[in-house]
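Survey of secondary and tertiary structure
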Amino acid sequence: MDWSDACRKAADAIGKAGALVVTSGAGMGVDSGLPDFRGERGFWKAYPMYERLGISFVGAANPAHFHRDPAFGWGFYGHRTTLYRTTEPHDGFRILRQWITRFGLAHFVVTSNVDGQFQKAGFEEERMLEVHGSIHHLQCLSPCSDAIWPNREEIPVDHATMRAKQIPRCPHCGGVARPNILMFGDYSWLSDRTRGQEMRFDSFLNEHQHAPIVVIEMGAGTSIPTIRYMSERIGQRNAATVIRINPRESHIAGGHTSLPCGALEGLEGIDEFL
Ligand SMILES: [Zn+2]
């Protein structure tokens, strides 16, 4: 398929933009080699142990495990903590930063990913909205207070059993700590850190209310559509262009731009016209 018209249109919008909002979902990490949890097959391919136990992604990403069996709960998150720390963000992150510098773009990143890959690629913490929280921050499981603190723990995991050999503890009460991530069926997630990010993002949108704004959305699926709605909502402004990059679900209405490919391929394609 020839996407050159779409890439040229996207490049034109970026070249004329005053502000850039980068939105991303799970598909953003695929080009860095991160597993795609899409569907049970995708999840079980990455974690065969859970297939043997008959546990889906929704079943694994559940705070109940931390209450019942913390070593098992931390098996999934301890493995991912190490995985995300050791993963090198793909070249698409560098391309985005290069556009920001070259065109002097005011910018903000909104992601449903908890992997911290944007910060690892050099994006500033103050310009991030992590709507589901971050694996690199911890909170008390109870919780005994509103404290959220950086995850500096080493959490080795036995891959045969997916059990953590060490369990992070709350420094205040000595109980079990958990990732500051919004899980499924989660009523004790502490949202203060994310709320602070939301307030900074709202200020950013207000400040650039009249600027030509471009939203680049990558790898955001329809199963949990938070990110897609966010992109579309900003896209309703005057002088707003949304560029939706998605290999399977790239459709977008309202005269916006759609690229049916992976994040890295899409960004490289646009970059050729800049
Ligand atoms: Zn505590």
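Nothing here was measured: the structure is a model prediction, and the numbers come from that model.

How each quantity is defined
Residues numbered from 1 in each chain as written. Predicted model: local features only at pLDDT ≥ 70, side-chain atom pairs only at ≥ 80, totals over all residues. Heavy atoms only, no water. Buried < 20%, exposed > 50% of the residue type's maximum accessible area, 1.4 Å probe, protein only. Helix = DSSP H or I, 4+ residues; strand = E, 2+ residues; numbered from the N terminus. Pairing = 2+ DSSP bridges. Right-handed = clockwise from strand over helix to strand, strands pointing away. Donors = N, O, S within 2.8 Å, 3.2 Å for Na, K, Ca; no water. Disulfide = S-S within 2.5 Å. Salt bridge = Lys/Arg side-chain N within 4 Å of Asp/Glu carboxyl O. Phe/Tyr/Trp six-rings, centres within 6.5 Å; stacked < 30°, edge-to-face > 60°. Lys NZ or Arg CZ within 6 Å of the ring centre and 35° of its normal.

**Some remarks on the pairing of strand β10 (residues 240-245)**
Buried residues dominate β10, accounting for 5 of its 6 residues. Pairing geometry for strand β9 (residues 213-218) and β10, over 6 bridges, is parallel. Bridge pairing links Val215 to Val242 in β10. You can see the chain leave β9, run along helix α10 (residues 226-235) and come back into β10, and the turn it takes is right-handed.

**Description of the coordination of the zinc ion**
Every protein donor of the zinc ion is accounted for by Cys140 (SG), Cys144 (SG), Cys170 (SG) and Cys173 (SG), and the metal-donor separations fall at 2.3 to 2.4 Å. Read N to C, the donor residues that coordinate the zinc ion are spaced as C-x3-C-x25-C-x2-C. Here Cys140, found in strand β4 (residues 133-140), pairs with Cys173, found in the loop between β7 (163-164) and β8 (177-181); they are 33 residues apart in sequence, far enough to count as distant. Relative accessible area serves as the criterion here: at 2%, Cys140 is assigned to the buried category. For Cys173, a relative accessible area of 42% corresponds to the partly exposed category.

**Remarks on the state of the cysteines**
Tallying each qualifying case throughout the model produces 0 disulfides. Cys261 provides the cysteine sulfur closest to Cys7, a residue in no disulfide bond, and the two sulfurs are 6.8 Å apart. Judged by its relative accessible area of 6%, Cys7 falls in the buried class.

**Regarding the pattern of salt bridges**
Within the structure shown, the criterion is met by 13 salt bridges. Taking the shortest distance from any N to any O, the salt bridge between Arg85 and Glu154 comes out at 3.9 Å. Taken together, the residues Arg85 in helix α6 (residues 70-86) and Glu154 in the loop between β5 (148-150) and β6 (157-158) connect sequence positions 69 residues apart. The exposure class assigned to Glu154 is exposed, which follows from its relative accessible area of 57%. Salt bridges sharing common partners tie together Glu125, Glu130 and Arg193.

**Describing the packing of aromatic side chains**
The geometry of an aromatic ring pair comes down to the distance between the two centres and the angle between the two planes. Within this structure, the stated rule accounts for 22 aromatic pairs. The interplanar angle of 40° and the centroid separation of 5.8 Å between the aromatic rings of Phe66 and Tyr77 together place this pair among those described as tilted. Of the two residues, Phe66 sits in helix α5 (residues 64-68) while Tyr77 sits in helix α6, which places them 11 residues apart along the sequence. Assigned by exposure class, Phe66 and Tyr77 land together as buried. Taken together, the ring pairs in this structure connect Phe37, Phe43, Tyr47, Tyr50, Phe57, Phe66, Phe72, Trp74, Phe76, Tyr77 and Phe184 into an aromatic cluster. We note Arg80 situated over the ring of Phe76; from NZ or CZ to the ring centre the distance is 4.6 Å.

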